[in-house]
Amino acid sequence: MRRNIGKTIGLVATMGALHRGHLSLIEQARQKTDEIVCSIFVNPTQFNDPKDLEKYPRTLEADMALLEQAGCDVLFSPPINEIYDDNEQWHLDIGEPEFLLEGKFRPGHYQGVTHVVYILFDIVKPDVAFFGQKDYQQFMIISQMVEQLHIPVKLVMCPIMREADGLAMSSRNVHLTAEDREHALILSKTLNWVKDHFDRGQISLLKKEAEQMIGAEPGVELDYFEISDGDTLHPADKNSKKIVALVAAKVGKTRLIDNVILLRNIE
Ligand code: AMP
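Residues numbered from 1 in each chain as written. Predicted model: local features only at pLDDT ≥ 70, side-chain atom pairs only at ≥ 80, totals over all residues. Heavy atoms only, no water.

Give a detailed account of the sheet that holds strand E2 (residues 35-40), specifying residues and quantitative values.
Each strand in a sheet pairs with its neighbour through backbone hydrogen bonds, running either in the same direction (parallel) or in the opposite one (antiparallel). Reading across from one edge, E3-E2-E1-E4-E5 is the order of the 5 strands in this open sheet, with parallel pairing throughout. In this open sheet, the two strands that pair with only one neighbour each are strand E3 (74-76) and strand E5 (154-158). Neighbour-to-neighbour, the strand axes of the sheet open up by a mean angle of 25 degrees, direction not taken into account. Relative to strand E4 (residues 128-132), strand E1 (residues 9-14) runs parallel, the two being bridged by 3 bridges. The residue bridging Leu 11 from the neighbouring strand is Ala 129, located in E4. Helix H3 (residues 60-70) rests against E2 and E3 of the sheet, and its axis sits at about 165 degrees to E2. Here helix H6 (residues 109-124) sits on the sheet and contacts E1, E2, E3, E4 and E5; the angle it forms with E1, its principal contact strand, is near 150 degrees. (Pairing = 2+ DSSP bridges. Helix = DSSP H or I, 4+ residues; strand = E, 2+ residues; numbered from the N terminus. Axes fitted to C-alpha atoms, helices over the stretch in contact; angles between N-to-C directions. Contact = heavy atoms within 4.5 Å.)

Here you go:
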């Protein structure tokens, strides 16, 4: 790689089955860095459900064609033993965020995520790494890891890419049946409704209303709908400078997540 001649390296870490959301990260990387590395690695340690790991879509040929079109310079698609030793057992203790929101429903997920991202950063040594707002909590946790372990990388959060009808793009959407696909729209619709009606004084009412809207949709089983402080992920309150609404639900057999930023820091 061309780091030694003063080029900056951008990393887009993915699990493949690439869609326009991933490509938007590559596009940001193209604008902000000289050389783009995209990793494709279906990381076993972040799957708490072995069936979910097994059926995770793998489309490497198609991914390679998309990356080439998108102007990606390097594809890093390692076999498992290039990332993990046979008896690798360490993990990072990330503390409280492990138990909030996604953490509650996917025990060990963020230990797996921080583990693999730490290793990817160590191998690729990017100057800038691009992650999606789609995985808001993941971004927060990786930011904390970078800050607390003094990893020399800048992180950029990229906006959520959506289908024309509002569904957040996800590699898992291929598992949705036509019916699921219709029901899944309740997630983005509810987030938008909350955004349109957002008022700091009414947070608990909005949350309740949103839970009811999603609860009333057939085929959708809500894990959580939270209106959280964007920095701590605790329930938002009057002191929150950034506020995010986050949702996770099973639609048919597929678990989806989505979020919307309701209030941003005024910097
Ligand atoms: P994944 O392959 O699902 O692990 O995602 C790889 C990266 O793409 C993560 O940083 C995600 O947050 C990001 N990403 C996934 N879906 C979207 C989307 N719809 N819009 C923008 N970024 C996304």
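What follows continues from the structure just given.
Quick rundown of the packing of H6 against helix H7 (residues 136-148)? Include the residues and the values.
Look at H6 against H7: their axes get within 10 Å of each other, and the N-to-C directions meet at 55 degrees. The pairing of H6 with H7 is recorded here as oblique in orientation. Our pair here, H6 against H7, has a crossing hand that is right-handed. Counting all contacts with H6, which are made through Tyr 110, Val 113, Thr 114, Val 117, Tyr 118 and Phe 121, the residues of H7 involved are Gln 137, Gln 138, Ile 141, Ile 142, Met 145 and Val 146. Across the contact of H6 with H7, the residue classes tally to 9 nonpolar, 3 polar and no charged. (Parallel < 35°, antiparallel > 145°, perpendicular 65-115°, else oblique. Left-handed = near helix turned anticlockwise from the far one by under 90°. Nonpolar A, V, L, I, M, F, W, Y, C, P; charged D, E, K, R; others polar.)

So, the side chain of Glu 98: which residues are in play, and what are the values?
If you trace the backbone, Glu 98 turns up in the loop between helix H4 (80-83) and helix H5 (102-105). Look at Glu 98: it is buried, it has no salt bridge, and the nearest opposite charge is Arg 106 at 9.4 Å. Here Gln 111 takes part through its side chain, which lies 3.4 Å from a polar atom of the side chain of Glu 98. With residues up to four places along the chain from it excluded, the contact list for Glu 98 reads Gly 103, Lys 104, Gly 108, His 109, Tyr 110 and Gln 111. (Buried < 20%, exposed > 50% of the residue type's maximum accessible area, 1.4 Å probe, protein only. Lys, Arg positive; Asp, Glu negative; His and termini not counted. Salt bridge = Lys/Arg side-chain N within 4 Å of Asp/Glu carboxyl O. Polar contact = N/O pair within 3.5 Å; in protein donor to acceptor, adjacent residues only side chain to side chain.)

Got a sec to walk through the layout of surface pockets? Specific residues and values, please.
The space that makes up the second largest pocket amounts to roughly 230 Å³. Taken together, 17 residues line the second largest pocket, and the ones lying closest to its centre are Met 15, Ile 40, Phe 41, Val 42 and Arg 58. Its residues assigned to classes, the lining of the second largest pocket shows 12 nonpolar, 3 polar and 2 charged. (1 Å grid on protein atoms, 1.4 Å probe; cavity = no way out; pocket = protein on both sides within 12 Å on 5 of 7 lines; lining within 4 Å. Points joined across faces, edges and corners; volume = space filled by probe spheres on them.)

So what's going on with the pairing of strand E6 (residues 220-229)? Which residues, and what values?
The element E6 is largely enclosed, with a buried count of 7 among its 10 residues. Bridging between E6 and strand E7 (residues 243-251) involves 9 bridges; their strand directions are antiparallel. Bridging across to E7, Ile 227 finds its partner in Ala 245.

Break down the environment of Val 116 for me, with residues and values.
The topology assignment puts Val 116 in helix H6. With relative accessibility at 5%, the residue Val 116 sits in the buried group. Sequence separation between Val 116 and Phe 41 is 75 residues; the distance between their C-alpha atoms is 9.2 Å. Beyond its immediate chain neighbours, meaning those up to four positions away, Val 116 contacts Phe 41, Asn 43, Gln 46, Ile 83 and Tyr 84.

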